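Examination of the molecular architecture
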2 protein chains.
Amino acid sequence: MAARLLDGSAVARQIRAEMRPDIEAFTARAGRPPGIALVLVGSNAASELYVGSKLKSAGESGLRADLERLPATASLDDLLRLVDRLNRSELHDGILVQSPLPPAMGSHAERRVFDAIAPGKDVDGFNPINVGRLVQGRAGLVACTPSGVIEILERSNIAIAGARAVVIGRSDIVGKPMALLLLHRHATVTICHSRTTDLPRVAREADILVAALGRPAFVTPDFVKPGATVVDVGTSRVEDPALVARLFPAGSRRREAFERRGALVLGDVHPDVEQVAGALTPVPGGVGPLTIAMLLKNTVRAAEDRFA
Amino acid sequence: MAARLLDGSAVARQIRAEMRPDIEAFTARAGRPPGIALVLVGSNAASELYVGSKLKSAGESGLRADLERLPATASLDDLLRLVDRLNRSELHDGILVQSPLPPAMGSHAERRVFDAIAPGKDVDGFNPINVGRLVQGRAGLVACTPSGVIEILERSNIAIAGARAVVIGRSDIVGKPMALLLLHRHATVTICHSRTTDLPRVAREADILVAALGRPAFVTPDFVKPGATVVDVGTSRVEDPALVARLFPAGSRRREAFERRGALVLGDVHPDVEQVAGALTPVPGGVGPLTIAMLLKNTVRAAEDRFA
């Protein structure tokens, strides 16, 4: 029996529709729409795509969205000066600096930049003060991907309270905030990672399994308790024909898409999991659209908090 | 076979001895010892005891420790003014405001006060910016009890990396930071709480079981995998003779202590667990002494960071 597919695009549309009256009310009150500044350093192809879809979604939702570009040769100081200017901007309630930064900026550049964004404008939820408030269960700006996962679970009537949730991956931007959000909704939460012993066995304890490790098709059916809800946070661009041939039979829709385009975006969850899971977020069309919707929602919230 | 008892008092002595040269070096360099201010509002009997032992330990270790008292009738504003003065004090590197505050200060008083303590002097590790840095695995001031647990585990050669750790309790000051510290040391960590389904079964998965729920003798042998390490963070003052009679046979040392004093300090772990666990921290004499040692260590660290 095939898993119920959880339609992230539909949930994202629903969230954006619910935000519309708030955006209109804010715009009427403040004399301007909520505004977000997107900062792009250099011109990484994937980053251009991500930033482009964020700009488009923001514009369609009635937000002001400005793209601020710096050349790939910009220094960390240049970027910190731009962030400082945006922190003081009256028109921008949210600031997002697109990762990754050019390696020449140094290994701590992202951390320095995220620390520099004013906590009230930190719509990515990466500033330590927002992370600390998340731990303490206090209102604030929370990382977009994990809060999007909560939205899709809740709006799909997946019970979180009392469930066993297993999160594979312990990154600062997905795994750890994901575990905290599930915990605060009364799941019993286990966090797994590369050092976990017998990962498939631990994952099989889950009623809700969140895969956020960034390894295409890593989570195979032996990781999944029959009927469990599986959330696939991974998005890897795969160009290896052998891997695609192993995952998708000749003549299948995705195999043919690969043959046309030379690449596929794959999640962390193996296609065969669809036969074991009770519910599943697909890639693409699952968590991805939610991430952008939550970014817009954070921007509206930041705008309202500034004018409260 | 009885569990190996992990001697928290001995580990705390060891930590304090290791700090001595750092304290002497700081004192020589700064012309004054590292200083901590302990703030006590009103005169709760248990708080007087806790503050008294913190003052004593600090003094014995060569730290300056000042007790700042406010009357039970003090307002939250009075307390915030005192915190502000201590934030600016040249003599104090650490500030600890003893919980609980008088209920008349309002339900959000503790949160307001912990938020007001300068992050660099927040030796309790309760300020959200320090909590956020803990999540991000960055150097900072970390809550004393969970960091004390890590010290006793590591110094007792209990392997954390690759182990399954289960934390019972999800408080901001013990459960959540405990889970994060174990995770960063590569344990596979599960956090349980009052809404966990079949808690004994989940607890039995643990190689390292941390009980931090504050219910005396709640963790019975059926919670414990034979040979597991059990860390007992609870300290409850018990005055109920029926409970004591159920836990300790007539004529036993603890039963007689209860009969003499009319009260016992008990942990969250049932005495029978000693027959199942491989290693166990006793109450008293386990985690408690570590908490104070880590408070002193945080104070020295805060002093060094201010003068770095």
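Residues numbered from 1 in each chain as written. Chains lettered and ligands numbered in written order. Predicted model: local features only at pLDDT ≥ 70, side-chain atom pairs only at ≥ 80, totals over all residues.

Side note on the sheet that holds strand β4 (residues 94–97) of chain B
Two pairing modes exist for strands in a sheet, parallel and antiparallel, and in both the strands are linked by backbone hydrogen bonds. Residue and element names in this part refer to chain B. Read from one edge of the open sheet, three strands run β3-β2-β4, paired in parallel fashion. The open sheet terminates on both sides in strands that have one partner only, identified here as β3 (64–70) and β4. Looking at each pair of strands side by side, their axes are set apart by 20° on average, direction ignored. Relative to strand β2 (residues 35–41), helix α2 (residues 45–60) is tilted by about 170°, and along the sheet it contacts β2 and β3. (Pairing = 2+ DSSP bridges. Helix = DSSP H or I, 4+ residues; strand = E, 2+ residues; numbered from the N terminus. Axes fitted to C-alpha atoms, helices over the stretch in contact; angles between N-to-C directions. Contact = placed C-beta atoms within 7 Å.)

What to know about the interface of chain B and chain A
Across the contact, 24 residues belong to chain B and 24 residues belong to chain A. Taken together, the elements giving at least two residues each to the side of chain B that touches chain A come down to α5 (128–135), α7 (175–184) and β6 (188–192) of chain B. Grouping the constituent residues of the side of chain B that touches chain A by class yields ten nonpolar, nine polar and five charged. Here strand β6 (residues 188–192) of chain A pairs with β6(B) via three bridges, running antiparallel. Among the inter-strand pairings, A:Ile191 is bridged to a residue of β6(B), identified as B:Val189. (Nonpolar A, V, L, I, M, F, W, Y, C, P; charged D, E, K, R; others polar.)

Considerations on the nonpolar core
Within the largest apolar cluster, 183 residues are counted, with the highest numbers of intra-cluster contacts made by A:Leu209, A:Val210, B:Leu209 and B:Val210. Not counting residues within four places of it along the chain, the set of residues in contact with A:Val210 comprises A:Val149, A:Ala165, A:Val167, A:Ile168, A:Met178, A:Val231 and A:Val233. (Core = buried A, V, L, I, M, F, W, Y, C linked by C-beta atoms within 7 Å. Buried ≥ 20, exposed ≤ 12 C-beta atoms within 10 Å, placed from the backbone.)

Re the relation of the copies chain B and chain A
Mapping one chain copy onto the other needs a rotation about an axis and a shift along that axis. Rotating chain B by 180° and moving it 0.0 Å along the rotation axis overlays it on chain A with an RMSD of 0.0 Å. When the rotation and shift are considered jointly, the pair of chain copies conforms to a two-fold rotation axis. Both copies present the same face, since 100% of the interface residues in chain B are matched by interface residues at the equivalent positions in chain A. (Least-squares fit on C-alpha atoms with pLDDT ≥ 70 in both.)

Quick word on the domain arrangement of chain A
Per the domain assignment, the segments of chain A are domain 1 (31–119) and domain 2 (144–287). With centres defined by C-alpha atoms, the gap from domain 1 of chain A to domain 2 of chain A works out at 28 Å. (Domains from an automatic or database assignment.)

Structural notes on the sheet that holds strand β4 (residues 94–97) of chain A
Residue and element names in this part refer to chain A. Here three strands make up an open sheet; going across it, the order is β3-β2-β4 and the pairing parallel. Edge positions in the sheet fall to β3 (64–70) and β4, since each has one partner strand and no second. Between one strand axis and the next, the sheet turns by 20° as a mean value, whatever way the strands run. Sheet topology note: the strand β2 (residues 35–41)/β3 ladder contains seven bridges and is parallel. Opposite valine 41, over in β3, you have leucine 70 as the bridge partner. With respect to the sheet, helix α3 (residues 76–88) is in contact with β2, β3 and β4, its orientation differing from that of β3 by roughly 160°.

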